[in-house]
Amino acid sequence: MREILWLLKNYYHVLLFILLEVLALSLLSRHNAYQHSKLVNLNREIAGTLYKNIEGAREYLYLRKNNEILVKENTRLRNRISEIENQHPATSPTFQKKGSYLYTTARVVHSTHFKQYNYITIDKGRKHGIRRDMAVIGEEGIVGIVLESSANFSTVLPVINRDFRLSVRLKNNNYVGIILWDGQSPEFAILNEIPQHAEISGGDTIITSGYSAIFPEGRFVGTIEEFEMQEGNFYRIKVELGTNFFSLFYVNVISNFNQQEQHEIESRLEQ
Amino acid sequence: MIRIATRNIVRFFILVLFQVLVMDNIQLGGYLNPYFYILFILLLPFETPRWVLLVGGFMLGLSIDLFTNTLGMHTAATVLIAFIRPWILKTFAPRDGYEPETFPRIYYYGFNWFAIYTLILTFIHHMALFYIEVFNFQDFLSTFLRVVLSTVLTSATIILSQYFIFRK
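Residues numbered from 1 in each chain as written. Chains lettered and ligands numbered in written order. Predicted model: local features only at pLDDT ≥ 70, side-chain atom pairs only at ≥ 80, totals over all residues. Heavy atoms only, no water.

**Structural notes on the overall build of chain B**
A tally of regular secondary structure across chain B gives 6 helices and 0 strands. Along chain B, helices (α) and strands (β) appear in the sequence α-α-α-α-α-α when read from the amino end. Principal-axis analysis of the C-alpha atoms places the extent of chain B at approximately 45 × 30 × 30 Å. Across the 168 residues that make up chain B, the buried fraction comes to 56%. Taking the intrachain contacts of chain B between residues at least 6 apart in sequence as the baseline, contacts between residues at least 24 apart amount to 68%. Accessible surface computed for chain B: about 7900 Å², of which carbon and sulfur atoms make up 72%. With 11 positive and 8 negative side-chain charges, chain B shows a separation of 8 Å between the mean positions of the two kinds. (Helix = DSSP H or I, 4+ residues; strand = E, 2+ residues; numbered from the N terminus. Buried < 20%, exposed > 50% of the residue type's maximum accessible area, 1.4 Å probe, protein only. Contact = heavy atoms within 4.5 Å. Areas by Shrake-Rupley, 256 points an atom, 1.4 Å probe, with all protein chains shown as cover. Lys, Arg positive; Asp, Glu negative; His and termini not counted. Charge placed at Lys NZ, Arg CZ, Asp CG, Glu CD.)

See the structure below:
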C-alpha cells in the first residue's frame, strides 16, 4: 500500500499527462465531425467580435479593390435585371426556380489560408437566418459551406479545407466529378472522378452540379489548370479556383428553400 | 510568490492575444508559421510543480485552439512540451544546478543555454503539431520542411523577445 502511494506521489504527473493528452485527442476527433459544444459557440461569439474589430481596420487597406469589385457586380446585376425583364418573369420557369434561393450578404471577419483545415468566420448567424449546410459564394466563384452558426456569427468550411467535398461538373460536356482540396496551395483544388474517355482541355470551366441541394446549379467554381492520366479510369485534374481567398471580404450566403424537400425525396428513395 | 503567479497569468493572456491577432497573420508561403505563444511554457519558473505545468499547457493550447478552430491540435502539442520540459531542464542544467530566485532566461543562463532549450522544445512542439495537423505520413518530407523552417522562425522570435521585451 505504501509503495502504491509512493508511486502515485512520484509519478502522478505521468497519469495527469496521459489524461490531458487523451482529452486533447478526443477533442480533436470530435472536431473532425461537426462541432456542437456550447463551448465552441460561446467562443465563436467572443472571437468573432474581436476579429470583427480588427478586420474593420484592415479593410481600409483594400478599399480600392473592393470598389472595383462592387462596380463590376453592379454592372452585372443591371444586365441581369434587363435580361429578366425581357423574359416575362411570371411565366418563365427558370426564373421561378432561381427564385427559390434567398441571398444574404455577409462580411468575412476572419479567415485562414495556409493551414490544412482552413475556416472562415462571417458576421451573420442564426439571428439572420443562417443555418448549417447553406452555400457560401463570393463574387468570383464558390467559397464554401456553412458549418455551424451561433447567434451573430457563422463558421464556414471553405473549399480550401481538407474536409471539403462538392459535386461539380464540366460546363462543356456535363461530366460530373468531386472537387476537393489537397492542402497544397490555396489557389488550386483537385477535381476527381472525371472518367478518362471525357474530352477535356486546359481552361475548361467547372461549375456546381446542383446534386448536393446545397449549391444552386451552374455556379462558377474554377477553370482547369492542368490534368494528367493516372492509374484507374479517372483523370487527376488541377483546378484554378475562381475565388481568391486572400482578398475575400464580402460573401453571399444562399438558402435553398427546396433543400428540405430534396433531402426528403432522396432519403425516401434510399429506403 | 503571488507576484510571480500574477505576472505569469498576465503573460498567458497577452501571449494568447498576441498569437491570434498578430502572429497568426504572419505566414510566409505556407511554410512558415511562428507559434510564439509557447514562450509561456518556456518562461515558467524552475520550481513550477509538474501539475501546474501540465494544466497550464492544456489551458494555453485550448485557448489557441478555440481561436483557430483547431480543437485539440495545439492542446495536444502544448501538453506534450509541458510534460517534457522538466527533463530538458535537467539534461541541460549547469554543473551546480539552477540557482534559487533565477528564471529560465538569457539574462541568467546565457544565450547558448537558452537557444538550445528553446530550439529543442519548439522542435518537439512543432513536430507534434504539424503531424497531427496533416494526420498522415504521406507528405513526410514536405511536412518536415515546414516543421524545421517554422521551428527556426519561432525560436528566432522567442530569442529576440528576450532582448527586447522579457529582458529580466
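**So, the interface of chain A and chain B**
Between chain A and chain B, the residue contacts involve 30 residues of the former and 35 residues of the latter. Contact between chain A and chain B buries roughly 3100 Å² in total, counting both sides, with carbon and sulfur atoms accounting for 67%. Three residues stand out in chain A for area buried against chain B, namely Phe17(A), Phe114(A) and Lys115(A), and they jointly supply 20% of the buried area on that side. For the pair chain A and chain B, the number of links is 5 residue pairs in polar contact (both at pLDDT 80 or more). Contributions of two or more residues to the side of chain A that touches chain B are made by helix 1 (2-32) and helix 2 (38-59) of chain A. A total of 13 residues in the side of chain A that touches chain B trace back to one element, the largest contributor, which is helix 1 of chain A. Of the residues that constitute the side of chain A that touches chain B, the class distribution is 19 nonpolar, 8 polar and 3 charged. (Buried area = accessible area lost by both parts, 1.4 Å probe. Polar contact = N/O pair within 3.5 Å; in protein donor to acceptor, adjacent residues only side chain to side chain. Nonpolar A, V, L, I, M, F, W, Y, C, P; charged D, E, K, R; others polar.)

**Notes on a nonpolar patch on the surface**
Taken together, the side chains of Met1(A), Ile4(A), Leu5(A), Leu8(A) and Leu15(A) define a hydrophobic patch exposed on the protein surface, amounting to about 550 Å² of accessible area. Tracing the backbone through its elements, the reader meets Met1(A) in the segment before helix 1. (Patch = residues over 30% accessible without salt bridge, like charges linked within 9 Å, V, L, I, M, F, W, Y side chains within 5 Å. Salt bridge = Lys/Arg side-chain N within 4 Å of Asp/Glu carboxyl O.)

**What about the pairing of strand 7 (residues 176-180) of chain A?**
Residue and element names in this part refer to chain A. The pairing of strand 6 (residues 166-170) with strand 7 spans 4 bridges and is classified as antiparallel. If you follow Leu166 over to strand 7, its bridge partner there is Ile179. A loop of 5 residues connects strand 6 with strand 7, the two strands running antiparallel in sequence, and Asn174 in this loop sits at a positive phi of about 65°. Where strand 7 lies against strand 8 (residues 188-192), 3 bridges are found, and the strand directions are antiparallel. Bridge pairing in strand 8 places Ile179 opposite Leu191. (Pairing = 2+ DSSP bridges.)

**Focus: the environment of Phe135(B)**
Structurally, Phe135(B) can be placed in the loop between helix 5 (106-134) and helix 6 (140-164). For the pair Phe135(B) and Asn8(B), spaced 127 residues apart in sequence, the C-alpha to C-alpha distance is 33 Å.

**Observations regarding the confidence of the model for chain A**
Residues and elements named next belong to chain A. For chain A, per-residue confidence averages 81 on the pLDDT scale, and residues scoring 70 or more make up 88% of the total. Looking across chain A, the model is least confident in helix 4 (residues 93-98), with a mean pLDDT of 44, and most confident in strand 5 (residues 154-158), with 93. Per-residue pLDDT stays below 50 along residues 91-98; that stretch engages in 6 contacts with residues further than four places along the chain or on separate chains. (pLDDT = per-residue confidence, 0-100.)

**As for the layout of surface pockets**
All names here are of chain B. In this structure, the second largest pocket encloses a volume near 630 Å³. Taken together, 24 residues line the second largest pocket, and the ones lying closest to its centre are Ile4, Ala5, Asn8, Leu44 and Pro45. Contributing elements (two or more residues each) for the lining of the second largest pocket: helix 1 (2-21) and helix 3 (50-68). Tallying contributions element by element places helix 1 first for the lining of the second largest pocket, with 7 residues. Partitioned by chemical class, the residues of the lining of the second largest pocket number 15 nonpolar, 4 polar and 5 charged. (1 Å grid on protein atoms, 1.4 Å probe; cavity = no way out; pocket = protein on both sides within 12 Å on 5 of 7 lines; lining within 4 Å. Points joined across faces, edges and corners; volume = space filled by probe spheres on them.)

**Quick look at the packing of aromatic side chains**
Counted by the stated rule, this structure contains 22 aromatic pairs over all chains. On the basis of an interplanar angle of 20° and a centroid distance of 4.1 Å, the ring pair of Phe46(B) and Tyr98(B) is categorised as stacked. Of this pair, Phe46(B) sits in the loop between helix 2 (39-43) and helix 3 while Tyr98(B) sits in the loop between helix 4 (73-91) and helix 5, placing them 52 residues apart in sequence. A relative accessible area of 21% means that Tyr98(B) is categorised as partly exposed. For the pair Phe103(B) and Tyr108(B), a centre-to-centre distance of 6.4 Å together with 55° between the ring planes defines the contact as tilted. According to the relative accessible area criterion, Phe103(B) is buried, its value standing at 17%. Residue class for Tyr108(B) comes out partly exposed when judged on its relative accessible area of 29%. Members of the aromatic cluster, joined through ring pairs, are Phe46(B), Tyr98(B), Tyr109(B), Trp113(B), Phe114(B) and Tyr117(B). Geometry around Phe188(A) places Lys238(A) over its ring, the cationic atom sitting 4.4 Å from the centre. The ring of Trp87(B) has Arg50(B) lying over it, and the distance from NZ or CZ to the ring centre is 5.2 Å. (Phe/Tyr/Trp six-rings, centres within 6.5 Å; stacked < 30°, edge-to-face > 60°. Lys NZ or Arg CZ within 6 Å of the ring centre and 35° of its normal.)

**What to know about the environment of Thr143(B)**
Residues and elements named next belong to chain B. When you line up the elements, Thr143 lands in helix 6. In this structure the C-alpha to C-alpha distance between Thr143 and Met127, which are 16 residues apart in sequence, comes to 8.9 Å. Non-local contacts of Thr143, meaning those with residues more than four positions away in its chain, are made with Phe130, Tyr131 and Val134.

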